[in-house]
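Analysis of the macromolecular model
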Number of protein chains: 2
Amino acid sequence: MTDPTEVLTPGATIGILGGGQLGRMLSVAAARLGFSTHIYEPGAEPPAGQVAHRVTTAPYDDEKALTAFAHSVDVITYEFENIPTAALDLLEAHRPIRPGRRALAVSQDRLHEKTFLAELGLQTAPFAGVDTAADLSAALAEIGTPSILKTRRFGYDGKGQARLGTPDEADRALADMAGAPAILEGFVDFSAEISVIATRGLTGEVAAFDPGENMHDSGILHTTTIPARLSTAQRTDAILLAGRILNALDYVGTLGVELFVTPEGLLVNEIAPRVHNSGHWTQNGCTICQFEQHIRAIAGWPLGDGSRHSDIQMENLIGDDILRVPDLAKDPAIAIHLYGKAEARPGRKMGHINRRLGPKS
Amino acid sequence: MTDPTEVLTPGATIGILGGGQLGRMLSVAAARLGFSTHIYEPGAEPPAGQVAHRVTTAPYDDEKALTAFAHSVDVITYEFENIPTAALDLLEAHRPIRPGRRALAVSQDRLHEKTFLAELGLQTAPFAGVDTAADLSAALAEIGTPSILKTRRFGYDGKGQARLGTPDEADRALADMAGAPAILEGFVDFSAEISVIATRGLTGEVAAFDPGENMHDSGILHTTTIPARLSTAQRTDAILLAGRILNALDYVGTLGVELFVTPEGLLVNEIAPRVHNSGHWTQNGCTICQFEQHIRAIAGWPLGDGSRHSDIQMENLIGDDILRVPDLAKDPAIAIHLYGKAEARPGRKMGHINRRLGPKS
């Protein structure tokens, strides 16, 4: 049962940790439902700040700023999973954090995440924890090469990773971890990567969007195409699997699940306890997008049902892709979404486009 | 030809006069294209301020504030037509105002507007200017009753209007004008009211959305339904007519045209030199909505082509309608758009919903 005091009414304030593009699009979705937003972000001039009611610029160890932030909002959410634990402890003493701490604890650590998924009975790539050279040696004996060594924490978009083509590369790979606890993952032979974006409400209802098919370039998401090329059975499996993860975490909000399509079924690559880049297509494919679903969930509102009206291809605009905008603007099938970032650095996500391919197929 | 120096690039700042819901939705559309916004609004806590980069709270006769505002932005637009002329003169000395002054001059004065439309060869209700009792007597002799006396300036949503059922009511109606210059308009026997939302770019290109059919309640727009029940010929007429108005005004931006459907063809009821309530459906019916079309036009960008993917019914949420939101949120076909207004007064526009009726019919 929902505690009615946990349901936010228009005029309430949603606190968002992180002021990047995800916070920005969450802020717009919140405003559409009549909520104010307050962004907490250590960096100056955050993209989300341009469309938020209020911004606090302070580091995550500023207890005074964190406390004032918590007191100014009704609920706290976040756009990224690597928030320091001490900051979360302090914030949670004052206001609810949604999604909750369990989702963060699991997703902040690749070894915890893989272990959680395996315990749920879901398939993942073979994995083993690696703290020492001896661990790595044992792991390589079990998993073999090619494989990939990753730091357990704080990795994204291919950073903190070292590929091992042969066991000889073990020393170099371990050195790349710079002493950080790591995890060795086996390679998976997959035919496609898909994402399921799913949301769980405060009352436990679950809604999922149609799976999208992801293509990467240099380790960064390039396109997501909807619908993904899947059988009906695969589509159902993907959504059921996301539902199991949401329920096991007693999750409230939107979650991204990346899956590999293999002959042995769907393998979970990773989960992100937040709105996800591969869900941006919902802004132009659905009546209620992933950002609004997240806001509805954390506000205790009913969710949309995830239905879509269009086939869409989302494409990220990375670095100098921003220079393509004048040409992209000429195509009436393209919706442009820019993030208000001043400087276009290589590899930096500057925006995305949603190209409408046609009505829902 | 477009002067390339007049084309804004992402990062530029758009100044918006007026901080109500239209300014709010313009601000979100601008952010989506990577622009910052600066709202100028005399009232405290403007709805647009919650999603704008910057807000100036100052009256329209504060020359210092107006000058600073102008210097902080690259182009100036507005969400309402009744901006004092002196403020416009001052602002225009520093930055371009789009749409331009001619559109404002025409739409700020009902007599100028009707005269402009008649000179363009468009049909309107019969009308005559009324400054004195003698004028009203002469106008009534020509136009008859029932008719309606309206102030020439500053009227909206049925305010500043007096109906005349018989000529005996002339004195009372004139007293209602409180000495303000007025216009007498004859009643028109129409089968439907429709709106065309059309946009003209900096290079003169014109794009129009499908006409919507409006229903009013107590003088305030209640619903707009797309598509309107029109013949193909009527639909074409409506759009051509909007194009003539845009071209005659050398207009840059989005314009709303309200039309009466009559046995003698389409009559122009009124024009609004701005995004329009009857165009809110485009947010959920089109890839590029009326707000983004307006921003694209004033930024010198290419326009969308006005195509839509869905049939939509927009419904305004007025006053206590805001209490319906928890129920409306249960319907996955409904997109909710609230304006962040703290107090729900009778007749106050608190938000709107766009109900998806199905794919484009």
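Conventions used here
- Residues numbered from 1 in each chain as written.
- Chains lettered and ligands numbered in written order.
- Predicted model: local features only at pLDDT ≥ 70, side-chain atom pairs only at ≥ 80, totals over all residues.
- Heavy atoms only, no water.
- Pairing = 2+ DSSP bridges.
- Helix = DSSP H or I, 4+ residues; strand = E, 2+ residues; numbered from the N terminus.
- Axes fitted to C-alpha atoms, helices over the stretch in contact; angles between N-to-C directions.
- Contact = heavy atoms within 4.5 Å.
- Domains from an automatic or database assignment.
- Buried area = accessible area lost by both parts, 1.4 Å probe.
- Salt bridge = Lys/Arg side-chain N within 4 Å of Asp/Glu carboxyl O.
- Nonpolar A, V, L, I, M, F, W, Y, C, P; charged D, E, K, R; others polar.
- Buried < 20%, exposed > 50% of the residue type's maximum accessible area, 1.4 Å probe, protein only.

A short note on the sheet that holds strand S2 (residues 36-41) of chain B
Residues and elements named next belong to chain B. Pairing is parallel in the open sheet, where four strands are placed in the order S3-S2-S1-S4. The open sheet has two free edges, formed respectively by strand S3 (54-57) and strand S4 (75-78), since each of these has just one partner strand. On average, adjacent strands in this sheet sit at an angle of 25° to one another, irrespective of strand direction. Two elements, strand S1 (residues 13-17) and S4, share four bridges in a ladder whose sense is parallel. Across the sheet, residue Ile14 finds its bridge partner in S4, namely Val75. Strands S1, S2 and S4 of the sheet are contacted by helix H1 (residues 21-32), whose axis makes an angle of about 170° with S1.

Observations regarding the domain arrangement of chain A
All names here are of chain A. Looking at the assigned domains, one finds that chain A contains domain 1 (4-97), domain 2 (126-186) and domain 3 (192-359). Of note, the centres of domain 1 and domain 3, computed from C-alpha atoms alone, are 22 Å apart. Contact with domain 1, which involves 23 residues of that partner, is made by 23 residues of domain 3. When domain 1 packs against domain 3, close to 2,100 Å² is buried across both sides, 67% of that on carbon and sulfur atoms. Per-residue buried area on domain 1 facing domain 3 is highest for Gln21, Met25 and Leu33; these three make up 27% of the total on that side. Our enumeration of links across domain 1 and domain 3 arrives at two salt bridges. For the salt bridge of Arg274 with Glu81, the shortest nitrogen-to-oxygen distance reads 2.7 Å. Broken down by secondary-structure element, the contributors of at least two residues to the side of domain 1 that touches domain 3 are helix H1 (21-32) and strand S4 (75-78). Top element by residues in the side of domain 1 that touches domain 3 is H1. It accounts for eight residues. Broken down by class, the residue content of the side of domain 1 that touches domain 3 amounts to 15 nonpolar, three polar and five charged.

Topic: the pairing of strand S12 (residues 220-226) of chain B
Residue and element names in this part refer to chain B. Judged by how many residues are buried, S12 sits mostly within the fold: five of seven residues are covered. Both strand S11 (residues 212-217) and S12 contribute to a ladder of five bridges, which runs antiparallel. Bridged to Met215 within S12 is Thr223. Between the antiparallel neighbours S11 and S12 lie two residues, among them Ser218 with a positive phi of about 55°. The pairing of S12 with strand S15 (residues 310-318) spans four bridges and is antiparallel. Residue pairing for S15: Ile226 is matched across the bridge by Ile312.

Notes on the sheet that holds strand S7 (residues 147-151) of chain A
Across a sheet, paired strands are connected by hydrogen bonds in the backbone, their directions being either parallel or antiparallel. Residues and elements named next belong to chain A. The strand order S6-S9-S7-S8 describes an open sheet built from four strands, whose pairing is antiparallel. Two strands close off the open sheet at either side, each with one partner strand: strand S6 (127-130) and strand S8 (161-164). In this sheet, adjacent strand axes meet at a mean angle of 20° when their direction is disregarded. Both S7 and S8 contribute to a ladder of four bridges, which runs antiparallel. Counterpart to Lys150 in the pairing with S8 is Gln161. Relative to S6, helix H5 (residues 110-119) is tilted by about 145°, and along the sheet it contacts S6, S7, S8 and strand S9 (182-186). Along the sheet, helix H6 (residues 133-143) makes contact with S6, S7, S8 and S9, crossing S6 at roughly 170°.

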